[in-house]
Amino acid sequence: MSIIQFPAEARLSEAYRALIAAGKERFRSLFDKEQKFENMVWDIRGLADRAIIRNHPQLHFTKYQTLDQPLPAIYGDAVKSWLLLSPYSNIRSLIPKLDMARMLWQAIAERRKLQQDEFLFESLCEEDLSQAEQLMMERLAPSTAHKSATRMIGFAKFLAERKLCHPLYYTTQTQRIEDTNRHTIAGQEEKMAMLPSQQTLEGLADIYRELAIDPPDRLRICLLAILAVTGFRISELLTLPLDCEVKEVRGNNPRYGLRYYKEKARGGERMFAVRWLSGTGAELAQAAITEIRTITQPFREQAKILESAIELNEISTSKLWTLDRRNGTYQMFSESLVIVPRNFFHSRKATKPSIIEAVNFQHISDFLSGRTSSRGTTKSVFERFEIREENGEFCTMHSHQLRHWLNTIAEKGGLPMEMLTRWMGRENPRDTGAYRHLSMDERIAWLKSGIRKKEVGGLLADVYHTLSEEEGDAFLAAQIQAVHFTPLGVCIHDFAVMPCEFHISCVRGCSDYLRTKGNQKERMALIQLERNTRNALAAIPNTQVAAPWRQHNEAVIVGIQAALAIDNDETIPDGTTKSPYEAGNTHFTSGA
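All of these numbers come straight from a predicted model, not from anything done at the bench.

**Q** Give me the overall build of the protein chain: which residues, what numbers.
**A** Within the protein chain one finds 19 helices and 17 strands. Scored against the burial criterion, the 592 residues of the protein chain give a buried share of 46%. Contacts spanning at least 24 positions in sequence make up 63% of the contacts within the protein chain whose residues lie at least 6 apart. Accessible area for the protein chain stands at about 30,700 Å²; split by element, carbon and sulfur atoms hold 51% of it.

**Q** So what's going on with the environment of Y330? Which residues, and what values?
**A** Topologically, Y330 is positioned in strand β7 (residues 330-332). Taking C-alpha positions, Y330 is 9.0 Å from L320, a pair spaced ten residues apart along the chain. When residues no more than four places from it in sequence are discounted, the contact partners of Y330 are W321, L323, D324, R325 and E335.

**Q** Explain the sheet that holds strand β5 (residues 272-277) residue by residue, including any values.
**A** Taken together, three strands build an open sheet; the order of strands is β3-β4-β5 and the sheet is antiparallel. The sheet terminates laterally at β3 (245-250) and β5, the two strands that pair on one side only. Put simply, the sheet's adjacent strands are angled 35 degrees from each other on average, direction ignored. Here strand β4 (residues 253-261) runs beside β5; their pairing, made up of six bridges, is antiparallel. Looking at β5, one finds that L258 is bridged to R275.

**Q** Would you mind going over the nonpolar core in detail, with residue names and values included?
**A** Within the largest apolar cluster, 57 residues are counted, with the highest numbers of intra-cluster contacts made by L224, L237 and F382. Those residues in contact with L237 that lie beyond four places of it in its chain are L223, I226, L227, F232 and V338.

**Q** Describe in detail the pattern of salt bridges, supporting the description with residues and values.
**A** Taken as a whole, this structure holds 24 salt bridges when the rule is applied. One salt bridge connects R209 with E210, and the closest N-O pair in it is separated by 3.3 Å. E301 serves as the salt-bridge partner of K304, at 3.9 Å between the closest nitrogen and oxygen. With a gap of three residues between them, K304 and E301 both fall in helix α10 (residues 279-311), about one helical turn apart. On the accessibility criterion, E301 (38% relative accessible area) is partly exposed. Here the residues in one salt-bridge network are R515, E522, R523 and D567, joined through shared partners.

**Q** I'd love a proper account of the environment of S130, names of residues and values included.
**A** With respect to the secondary-structure elements, S130 resides in helix α4 (residues 126-139). Separated by 23 residues in the primary sequence, S130 and A107 place their C-alpha atoms 8.8 Å from one another. Contact partners of S130, with chain neighbours within four places excluded, come to Y170 and Q173.

**Q** Which residues make up unusual backbone geometry, and what values do they have?
**A** Even without being glycine, N343 reaches a positive phi, approximately 70 degrees. By the element assignment, N343 lies in the loop between β8 (339-342) and β9 (352-358). Of note in this structure, E386 is not a glycine but carries a positive phi near 55 degrees. Position of E386 among the secondary structure elements: in the loop between α12 (381-384) and α13 (400-412).

**Q** Give me the packing of aromatic side chains: which residues, what numbers.
**A** The tally for this structure, following the rule as stated, stands at 17 aromatic pairs. Here the aromatic rings of Y16 and F121 are separated by 6.3 Å at their centres, their planes lie at 25 degrees, and the arrangement is stacked. Here the residue Y16 occupies a position in helix α1 (residues 14-30), and F121 occupies one in the loop between α3 (94-112) and α4, the gap between them amounting to 105 residues. According to the relative accessible area criterion, Y16 is buried, its value standing at 4%. Ring geometry for F27 versus W42: centroids 4.9 Å apart, planes at 45 degrees, classification tilted. Pair noted here: F27 is in helix α1 and W42 is in strand β1 (residues 41-43), with a separation of 15 residues, a long-range link. Residues F27 and W42 agree in their burial class; the two are buried. One aromatic cluster is present, built from ring pairs that chain together Y16, Y75, W82, W105, F119, F121 and F155. Here the guanidinium or amino end of K97 rests over the ring plane of W82, the centre of that ring lying 4.8 Å away.

**Q** Describe helix α8 (residues 215-230), and please don't skip the residues or the numbers.
**A** In this model α8 runs 22 Å from its N-terminal to its C-terminal C-alpha over 16 residues, within 8% of the 22 Å that 1.5 Å per residue would give. Burial within α8 is extensive, with 15 of its 16 residues counted as buried. One or two positions beyond α8, positive phi appears at G231, with a value near 70 degrees.

**Q** Could you give me a rundown of the packing of α4 against helix α5 (residues 142-161), with the residues and numbers involved?
**A** Between α4 and α5, whose axes approach to 9 Å, the crossing angle comes to 155 degrees. Between α4 and α5, the angle is such that the two are roughly antiparallel. Handedness of the α4/α5 crossing: right-handed. Only A145, S148, A149, M152 and A156 of α5 make contact with α4, whose side of the interface consists of L129, A132, E133, M136 and M137. Counted by class, the contact of α4 with α5 contains eight nonpolar, one polar and one charged residues.

Each value, and the rule that gives it
- Position numbers for residues start from 1 in each chain and track the written sequence from start to end.
- In keeping with the model being predicted, local features are shown solely for residues with a pLDDT of at least 70 and side-chain atom pairs are shown and tallied solely at 80 or more, while totals for entire chains, interfaces and linings include all residues.
- Computation of side-chain values: all heavy atoms of the structure, hydrogens and water removed.
- A run of H or I in DSSP counts as a helix once it spans at least four residues, and a run of E counts as a strand once it spans at least two, with each numbered from the N terminus.
- Here the term buried applies to any residue with accessible area under 20% of the maximum for its type, exposed to any over 50%, and partly exposed to those in between, with areas from a 1.4 Å probe on protein chains only.
- Contact between two residues is taken to exist if any of their heavy atoms lie within 4.5 Å; hydrogens are not considered.
- Accessibility throughout is a Shrake-Rupley quantity obtained with a 1.4 Å probe, and a residue counts as covered only by protein chains that appear here.
- Strands are treated as partners if at least two bridges between them are detected by DSSP.
- Each axis is a line fitted through C-alpha atoms, and for a helix only the stretch in contact is used; angles between axes span 0 to 180 degrees, taken between their N-to-C directions.
- Side-chain atoms within 4.5 Å are what join buried Ala, Val, Leu, Ile, Met, Phe, Trp, Tyr and Cys residues into a set we call a nonpolar core.
- One speaks of a salt bridge when a side-chain nitrogen belonging to Lys or Arg is within 4 Å of a carboxyl oxygen belonging to Asp or Glu.
- Side-chain rings of Phe, Tyr and Trp, where Trp is taken by its six-membered ring, are said to pair if the distance between their centres is within 6.5 Å; with planes under 30 degrees apart they count as stacked, over 60 as edge-to-face, and otherwise as tilted.
- Whether a charge sits over a ring depends on NZ of Lys or CZ of Arg being within 6 Å of the ring centre and within 35 degrees of the ring normal.
- One less than the residue count of a helix, multiplied by 1.5 Å, gives the span that helix is expected to have.
- Note on terminology: angles under 35 degrees are roughly parallel, angles over 145 are roughly antiparallel, angles of 65 to 115 are roughly perpendicular, and the others are oblique.
- Working rule for handedness: look at the near helix, and if it is turned counterclockwise from the far one by less than a right angle, call the crossing left-handed; if clockwise, right-handed.
- In this classification, the charged set is Asp, Glu, Lys and Arg, the nonpolar set is Ala, Val, Leu, Ile, Met, Phe, Trp, Tyr, Cys and Pro, and all remaining amino acids, among them Gly, are polar.

The quantities given are spatial measurements derived from coordinates; they are silent on function.
What follows is the structure, given as structure tokens:
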């Protein structure tokens, strides 16, 4: 079905004709010959620059809330040209832009009571935009209305720049909705409820570490391991290049990252970005990448055979690439990390090793949430391995929740030690060292937990174990208000109650400073501090005025030597955390 024909040619401006001509030329370069620019419905699968999209997106150039009433041609063709000629991040972003244009036409038609062929863009005015925004505010959620109004202003600017209408000086009436969740307890609880549960996260870690055995399961759980430490969008993950790992050294410090194509890159050639990872996150990512590369290597060999056959015109087939770089080249299957043979994940169909395809959204969704259709039921990985929530229901999640989860814990200070320890299959969280990146609440919880489990000793721990459980918890809540991690060790001083009497110079004999025996990072920091302090001491003149400064530096050196001496004390087990000063006066000593 075609859109209503143009009105008389004489009524159309040269600027309008030039826009439509440019839009049609762009259309011919993007779509196959079976589709026509004038069609009321466009199938835009061919515009996808990632081969992982399996649904069938369409654009309906119809009046608002209809699928069979076409927009007037003079309006609809301008909208089509705008969509084609404006930068867009991905094909799904075209749909809300078109929805805005349909609502704008609805407002224009209702306000002016025009016949379809009576409209000209030269008459577009601020009142049309205002009425359209009123319609958006009535029909859409506040945040969606604001986004739609912003797109509308962009459309008007596009038209004005091409001289289809005069510049419109319009400001949106809908304000951007700020996220107030973080300011209220109820809002924070609501936000946390949207994250994957602790049972789900622990279940994924157990699946990665020991439960998943078959290659289809191993491949998908390794992909989720990468999501857990990178926060990639699923499309960014599934289009990783084979040579995605980046290793470099800066200032004698090695670092590791993953090279990827950003999903929300507007227009132009797609360029690589690098997601740099923490040391602990890098360890998990490297292990997962290595395993994925091993599983998929035979599939890349088959992909090379298919690609060679196409070059020799021996076969004709569908796309053999995972990503359009938007510069005339593609990331072929043989250059991609994540590819599989057809039916690789199917439990009831035989795998077809000669046909290679990209892993898509549905493959990951089926793994995490399962699916029921007319052809049967696919159980999620949580159902297959009997992983349940506290209420007995099977765990479930979607891949984007890992991105939200990682953002949330990043705000707190890093990937929780216990979770990363579980993924890596370690026995002791101390081996992970991720506790140095926890938020204050999590640091305090770590210390309280150590006291309850008798992993931390000292005066407060002794008092705690003489009390009932309820009294003991109240006692810890009152006594432990702060835990700080420094390059030199742990500080348990609460600065909100009293300023530091040592002026943040822990090694001058502060009893709230704790050293961990065998911690090489702390030891190197102490040695460097001693070297710098001795250099400063040598530069201080031997005068009465400089005497206090000399005494200060001498005390620092004595304190550093006492802290370093812990490493040489054979009576202290490795991993023990204790104060180097005034034994017995400190609140805590922590055993390994």
